[in-house]
Structures are given as structure tokens and as C-alpha cells.
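Given next are the chains, with one letter for each unit.
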Amino acid sequence: MSEDIPFNKTLDLAPDTVDEVAPQVRRVMANNPGPFTFKGTLSYILGRGKVAIVDPGPDDPAHIHALLEAVRGETVTHIFVTHTHRDHSPATPAIKAATGATVYAEGPHRAARPLHIGEHNPLDASADHDFMPDVRLKDGEIVSGEGWTIEAVATPGHTANHMAYAYKEKNLLFVGDHVMAWATSIVAPPDGAMSDYMASLEKLRKRSETLYLPGHGPAIKDAPRFVNYYILHRKAREASILHRLGKGETDIPTIVRAIYIGIDPRLTGAAGLSVLAHLEDLVARGLVETEGQPAIDGVYRLAR
Ligand SMILES: [Zn+2]
């Protein structure tokens, strides 16, 4: 289903080593490979001398040590966090304690919508509920350091608090988990929301940055074109769901079996939540009906 996106899975990078991925940008990859993290979470260091770190990463002593070694002899003045999944933000307190840097982010972790009655949040364990930034950023806010300027670009959808960061002097975007070269992003309710996610993609497509540095996997060149593929992919998935519902009312496991052919079994749960994200959006738009609130165990039909 995702063969349409020109994925790039080439990333020749050893964990917890430093390389320069773009002028004035270094990266250090945590050793946390997995079905959701690819080879590991990427922490970025921007500038020289007085630097900023984007996404300190998981609470892993080896990664924290490697990141601090990478900036030895320099001053970390700012920490920017894209979102509060446990592979991105939990190392923040340790890096802040070691450097005295100020922490910037959209805000603490929160769901995209209130929980329905009786609903438990299947994503609770993946979130860093302890995270709190020193400075909460709004969309379009500018933060300047020594030799660099960052613009906060609100990109809700993967999480409600997801923020990308534009490095103005280099016309590049630290894009977190919103867009990745190696796979599609996970959009899973209640933390994620498909309508927000699609709106954030449309917003990025109109921006000027041509190079994206994501939270996982290689850099994305020709970024607006890649974002366009992402948008087309989601629209195709929505069309597949509507097509399946056109054959009669059905549940989410049946839709997953119909449209995710050959999926990694470890991703079946995430696929179900992704279908739920589409269905929430389709119900809100009046195209699909269900009893009560859209739920993972609900039955869905085309609206009459
Ligand atoms: Zn994430």
C-alpha cells in the first residue's frame, strides 16, 4: 500500500557516533532500533560553539553520554523537543542538568481529544508524561541563538504537541516524526488525529524548506515533493477504506486484513489504530457512520 512513496532506507550510521549531516548540523543516533524507530532515534546538534540540541532522545545513559561527548568544549544554550514520545524527550532532564540549557517545546504530552467513556489509552506507555518545557512555543515563534535562528512550526497529528523546527539560515526543517524517509508516520488515536495530521502535511508542502532532518532515518531531499507523496498515500488509504465499506458494514480488523497486505505482524496493532484515525475523520466529515463514538472495536458503514 505504501509502494507509491519513494522511501529511502539507506542510513549508514553507527549508534552513538557523531557525523555532520548538513552544514552546521551534527547528529547522534541512539541505539534503540525497532519497528517504530528504524535504526534509532536521531538527536541533532545545531551550530558551533554555542549550540542547540534537537530531541535529546530516550533515557539511555550511553546515548546521553555520547551526546554530551559530542558537544564537549561547547556550550549548549537551547534544547528543542519535537514531541513527547519516549524515544525523543526522556533524556531532556539529564542533558539540561549537565548543560544548563533552556528547554523549548510546544507543551507537555496530551491526547488530541478527550478519552471516550470506558476507553483506555493504548498509547499511554509510549508517552513521556513527565516532560515539561521551560518555554512553551507557539506556531511561528522565533528563537535565536549564536549564528542560528529557529522558527517553531506547529505540526500536530502524530501527537497533539508535535512541533517541527525550521533552521532559517540553512532553509532546512527538523521534522521529528511528522515526515520520515523510511516509512509513513504513525497516526494513532487518541494521541494522534488524522485531520490535524493532513492539515500539517498541507502546511509543510507550501513551505520553502527543501531538506528535512527527521527523528528517524536518512535526511529527506526534495522535501515538498516527498510530502506530496505522503499526502497522496493517505488519500489512497482513505479511498481503500471507503471502497471496503462500499461492500458492506465491517469492523477494523477486517479492513486491516483487506488493505495492509503483507504487513509486519508487529505493526498490526498500529495499523488498526491508523484505520481508526481515518474512520474518526470520515465520521466527523459525515461520510461514515458507527454506533456511538468511533472506537477500535466498532462496526462501520457508509453514511446513507
Ligand atoms: Zn513519535
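Further up the page is the structure itself.
Residues numbered from 1 in each chain as written. Predicted model: local features only at pLDDT ≥ 70, side-chain atom pairs only at ≥ 80, totals over all residues. Heavy atoms only, no water.

A. Layout of the coordination of the zinc ion. Around the zinc ion, the protein supplies His-83 (NE2), His-85 (ND1), His-158 (NE2) and Asp-177 (OD) as donor atoms, at distances of 2.1 to 2.4 Å. Coordination geometry of the zinc ion: the four donor atoms subtend angles of 86 to 170° at the metal centre, consistent with an arrangement described as irregular. Considered as a linear motif, the donors of the zinc ion on their single chain read H-x1-H-x72-H-x18-D. Highlighted residues: His-85 in the loop between strand E5 (75-80) and helix H2 (92-99) and His-158 in the loop between strand E9 (149-154) and strand E10 (163-167), separated in sequence by 73 residues. Like His-158, His-85 is buried. (Donors = N, O, S within 2.8 Å, 3.2 Å for Na, K, Ca; no water. Tetrahedral: all angles 85-135°; square planar, octahedral: opposite > 155°, others 65-115°. Helix = DSSP H or I, 4+ residues; strand = E, 2+ residues; numbered from the N terminus. Buried < 20%, exposed > 50% of the residue type's maximum accessible area, 1.4 Å probe, protein only.)

B. Expanded view of the sheet that holds strand E4 (residues 50-54). Spatially, seven strands are ordered E1-E2-E3-E4-E5-E6-E7 in an open sheet, and the strand pairing comes out mixed. The open sheet has two edge strands with one neighbour each: strand E1 (18-22) and strand E7 (135-136). In this structure, strand E2 (residues 25-29) lies alongside strand E3 (residues 42-46), joined through five bridges in antiparallel fashion. Bridged to Val-28 within E3 is Ser-43. Contacts from helix H1 (residues 61-70) reach E1, E2, E3 and E4 within the one sheet, and its direction differs from that of E2 by about 160°. Sitting on the sheet, H2 touches E4, E5 and strand E6 (102-105), and the angle it makes with E5 is about 155°. (Pairing = 2+ DSSP bridges. Contact = heavy atoms within 4.5 Å. Axes fitted to C-alpha atoms, helices over the stretch in contact; angles between N-to-C directions.)

C. Up close: the packing of helix H3 (residues 194-205) against helix H4 (residues 223-245). With their axes 9 Å apart at the nearest point, H3 and H4 run at an angle of 150° to one another. With respect to H4, the axis of H3 lies roughly antiparallel. For the pair H3 and H4, the sense of crossing is left-handed. Contacts from Met-194, Tyr-197, Met-198, Leu-201, Glu-202 and Arg-205 in H3 reach Pro-224, Val-227, Asn-228, Tyr-230, Ile-231, Arg-234 and Lys-235 in H4. (Parallel < 35°, antiparallel > 145°, perpendicular 65-115°, else oblique. Left-handed = near helix turned anticlockwise from the far one by under 90°.)

D. Main features of the pairing of E6. For E5 and E6, the ladder comprises three bridges, and the chain directions are parallel. Following the sheet pairing, His-78 is matched in E6 by Thr-102. Regarding the hand of the β-α-β motif, the stretch spanning E5, H2 and E6 is right-handed. Looking at chain direction, E6 and E7 are connected through two bridges and run parallel. (Right-handed = clockwise from strand over helix to strand, strands pointing away.)

E. Layout of the sheet that holds strand E15 (residues 299-302). The strand order E13-E15-E14 describes an open sheet built from three strands, whose pairing is antiparallel. Each edge of the sheet is formed by a strand with only one pairing partner; in this case those strands are strand E13 (250-251) and strand E14 (288-290). The pairing of E13 with E15 spans two bridges and is antiparallel. Paired with Thr-250 across the strands is Tyr-300, a residue of E15.

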